[in-house]
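# Report on the structure
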Amino acid sequence: IIRAVYESYGFDALETPAIEFADALGKFLPDQDRPNEGVFAFRDDDEEWLSLRYDLTAPLARFVAENFDELPKPFRRYQVGQVFRNEKPGPGRFREFTQFDADTVGTASMLADAELCMMLCDVLERLGLGGNYVVKVNNRKILNGVLASIGAVTEAQRLTVLRAIDKLDRLGREGVRLLLGPGRKDESGDFAQGARLDQQSIDRVMAFVDAGAAKRGDVCAKFEALVGDSEDGRAGVAELRQIDAALTGAGYDDARVCFDPSVVRGLAYYTGPVIEAELTFEVRNEDGQLVRFGSVAGGGRYDDLVTRFKGVQVPATGISIGVSRLQAALAAKGLTSREDRVGPVVVLVMDRETLPSYLAIVKELRAAGIRAEVYTGTSGMKVQLKYADKRQSPIAVIEGSDERAKGLVTLKDLELGAERAKEIKDRDAWSKGADAQSTVPRGELVATVKKILAAQSSRA
């Protein structure tokens, strides 16, 4: 579904290697002096550092730089693939996971950023999550303008401010205020050093954080008042107004896409608009508390990334969907498709002397577009039926010597049989289970299998 939506917007597929030269991943690694810190890295025979890719964006920047003259501008590509983080794993956090990216390279137009917001909405709608999400947008330039308005702020302070704002949902306003000021001690007793801003500066940053409103235009007006004469800040507000105009023109209202100052995104290479798609329904966490499901996608504009390779300005913007997290959300809402859970039709082997007959059955089912396998083990019928159950097979196909002689085949509806088994309390109930098995002419095999599968889908 994600692929279909991306392609409907005109994005083309690209595949890049899982291994890159470490210097191609660049200064955005956690520790450039030790490229095996934060990423999985090793030296080759020429003593070059190689790394498993940290994300799909840095490899894209390298690819664009290498093929710049041949590519259309803008260049629109999508990619799905595994990425690797040399970090401590935890609940919902893995060292290897799947990302599904879409990026537009070679245009500074905010229409490209607005399209990414629209595309995220369309993906989540198509997946059945309509009414359960919001796409949030902010602009790094606006925050830079706010920081400029409070006077000289060091790079270390700027990064601390970014991290503090990013923790608003988890720590609340007072927790953020402490991180903007002297620092904060968490429940374990660990102390996090703050940005050490003065009270007036903290109030100004918090005014920025509190600028969220129901309407995108209202948020822009609040931002405008906060950035003052900052050229960077005013440029950021102008970009958000352009995104708002595109979204409004395309019919994407404030309930689906909003402007939210708490969205800052973690990576240092974002230079303008930043985007995050958040699911708004609640699930129970490990402590049994109801919490919002949270972010399943994010991204933003990174106008300097390709420039590292080319030496010329190449604007770019993109989004990335966390596939594992999105799949968990779909499962939590009961939106995974039945086809994802159901195994193949299993053709039982009752007589090994007539194996070609079973192979002909399975070939006929596959030719009709039905997933099917012939049992390749050596056990009897009872074990074969248990195997079909473990494979979550919807139907077992049985052709013994008697059926073959009469030109018949028996089909067991394993899903209906399992339902009937739960209801069995006496002999009458047992007799009602007969509708889970039928014997039909061999020539009607495919048509009957399709009929049973359709009935199972409607029951599901």
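A quick note: this is a predicted structure, and the numbers were derived from the prediction, not measured. (Residues numbered from 1 in each chain as written. Predicted model: local features only at pLDDT ≥ 70, side-chain atom pairs only at ≥ 80, totals over all residues. Heavy atoms only, no water.)

## Focus on the overall build of the chain
On a plain count of helices and strands, the chain comes out with 19 helices and 18 strands. Taken over C-alpha atoms, the radius of gyration comes to 29 Å for the chain, far larger than the 23 Å a tight globule of 460 residues would show. Principal-axis analysis of the C-alpha atoms places the extent of the chain at approximately 90 × 55 × 50 Å. Counting across all 460 residues of the chain, residues that qualify as buried make up 47%. (Helix = DSSP H or I, 4+ residues; strand = E, 2+ residues; numbered from the N terminus. Rg over C-alpha atoms; globule rule 2.2 N^0.38 Å. Buried < 20%, exposed > 50% of the residue type's maximum accessible area, 1.4 Å probe, protein only.)

## Observations regarding the packing of helix H6 (residues 155–166) against helix H7 (residues 168–180)
Packed helix pairs are specified by the crossing angle of their axes together with the interaxial distance, meaning the distance between the axes. Relative to each other, H6 and H7 sit at 145 degrees, their axes nearing to 7 Å. The residues of H7 that touch H6, namely those facing Thr-160, Val-161, Ala-164, Ile-165 and Asp-166, are Leu-168, Val-176, Leu-179 and Leu-180. When the residues that make up the contact of H6 with H7 are grouped by side-chain class, the tally is seven nonpolar, one polar and one charged. (Axes fitted to C-alpha atoms, helices over the stretch in contact; angles between N-to-C directions. Contact = heavy atoms within 4.5 Å. Nonpolar A, V, L, I, M, F, W, Y, C, P; charged D, E, K, R; others polar.)

## Focus: the packing of aromatic side chains
Scanning the entire structure with this criterion turns up seven aromatic pairs. With a centroid separation of 5.3 Å and 70 degrees between ring planes, the pair formed by Tyr-375 and Tyr-387 is classed as edge-to-face. Highlighted residues: Tyr-375 in the loop between strand E15 (372–374) and helix H15 (381–390) and Tyr-387 in helix H15, separated in sequence by twelve residues. Since its relative accessible area comes to 29%, Tyr-387 is described here as partly exposed. A connected cluster of aromatic rings, assembled from ring pairs, spans Tyr-6, Tyr-78 and Phe-100. Here Arg-85 stacks its cationic end above the ring of Tyr-54, 4.0 Å away from the centre of that ring. (Phe/Tyr/Trp six-rings, centres within 6.5 Å; stacked < 30°, edge-to-face > 60°. Lys NZ or Arg CZ within 6 Å of the ring centre and 35° of its normal.)

## Notes on the sheet that holds strand E11 (residues 273–284)
If you walk across this open sheet you meet the eight strands as E1-E5-E6-E13-E12-E11-E7-E10, and the pairing is mixed. Since the sheet does not close on itself, it has two edges, and those belong to strand E1 (12–13) and strand E10 (257–259), each with one partner. Across five bridges, strand E12 (residues 290–301) lies against strand E13 (residues 316–322) in antiparallel orientation. Paired with Gly-299 across the two strands is Ile-319, which belongs to E13. Against the sheet, helix H3 (residues 57–66) touches strand E5 (75–84) and strand E6 (96–105), its axis set at about 40 degrees to E6. (Pairing = 2+ DSSP bridges.)

## Observations concerning the pattern of salt bridges
By the definition in use, this model includes 19 salt bridges. A salt bridge links Glu-47 to Arg-43; the nearest nitrogen and oxygen atoms lie 3.8 Å apart. A salt bridge links Arg-301 to Asp-303, with the shortest nitrogen-to-oxygen separation between them at 2.9 Å. Note on Asp-303: relative accessible area 13%, which makes it buried. (Salt bridge = Lys/Arg side-chain N within 4 Å of Asp/Glu carboxyl O.)

## Concerning H15
All of the buried residues in H15 are Gln-384, Leu-385 and Ala-388. Buried residues in H15, looked at end-on, bunch into an arc of 100 degrees, giving them a common side. Residues Lys-382, Lys-386 and Lys-390 are exposed on H15 and point more than 90 degrees away from its buried face. Looking one or two residues past H15, Gln-392 carries a phi angle of roughly 55 degrees, positive in sign. (Arc of directions from axis to C-beta.)

## Observations regarding the packing of helix H5 (residues 140–149) against helix H8 (residues 199–209)
It is the contact of H5 with H8, at a shortest axis distance of 9 Å, that shows an interaxial angle of 160 degrees. Taken together, the axis directions place H5 and H8 in an arrangement best described as roughly antiparallel. Along this stretch, H5 crosses H8, giving a crossing that reads as right-handed. Mapping the contact onto sequence places Ile-142, Leu-143, Val-146, Leu-147 and Ser-149 in H5 and Arg-204, Val-205 and Phe-208 in H8. (Parallel < 35°, antiparallel > 145°, perpendicular 65-115°, else oblique. Left-handed = near helix turned anticlockwise from the far one by under 90°.)

## Some words on the side chain of Thr-448
Locating Thr-448 in the fold gives a position in helix H19 (residues 445–459). In contact with Thr-448, not counting residues within four places along its chain, are Leu-411, Ser-438 and Val-440.

## Structural notes on unusual backbone geometry
In this structure, the amide linkage connecting Lys-73 to the following residue, Pro-74, adopts the cis form with an omega of 0 degrees. In this structure, Pro-74 sits in the loop between H3 and E5. Positive phi is not limited to glycine here, since Glu-47 has a value of about 65 degrees. For Glu-47, the location among the structural elements is in the loop between strand E3 (41–43) and strand E4 (49–52). Phi is positive for Gln-392, which is not a glycine, with a value near 55 degrees.

## Looking at the confidence of the model for the chain
The predicted structure's coordinates, where accompanied by low pLDDT, should not be read in detail. When pLDDT is averaged along the chain, the result is 88, and 91% of the positions lie at 70 or above. Ignoring residues within four places in sequence, the model shows residues 28–32, a span with pLDDT below 50, making twelve contacts including any to other chains. (pLDDT = per-residue confidence, 0-100.)

## Structural notes on the sheet that holds strand E2 (residues 19–21)
On the basis of which strands lie adjacent, the open sheet formed by three strands has the order E2-E4-E3 and antiparallel pairing. Strands with a single pairing partner mark the edges of an open sheet, and in this sheet they are E2 and E3. The mean inter-strand angle of the sheet, taken between neighbouring strand axes irrespective of direction, is 30 degrees. In this structure, E2 lies alongside E4, joined through three bridges in antiparallel fashion. Residue pairing in the sheet places Ile-19 in a bridge with Leu-52 of E4.

## Concerning the pairing of E11
Here is the key point about a regular strand: its side chains alternate between the two faces of the sheet. As paired elements, strand E7 (residues 133–139) and E11 share seven bridges and run antiparallel to each other. Pairing of Asn-138 across the sheet is with Val-274, part of E11. As paired strands, E11 and E12 are joined by nine bridges and run antiparallel to one another. Looking across to E12, one finds that Glu-276 is bridged to Gly-298.

## A closer look at the state of the cysteines
For the coordinates displayed, the defined rule picks out zero disulfides. Looking at the unpaired Cys-121, the closest cysteine sulfur is the one in Cys-117, lying at 7.1 Å. Residue Cys-121 is classed as buried on the basis of its relative accessible area of 0%. Not part of a disulfide, Cys-258 finds its nearest cysteine sulfur in Cys-117, a span of 9.9 Å. Cys-258 gets classed as buried once you look at its relative accessible area, which sits at 13%. (Disulfide = S-S within 2.5 Å.)

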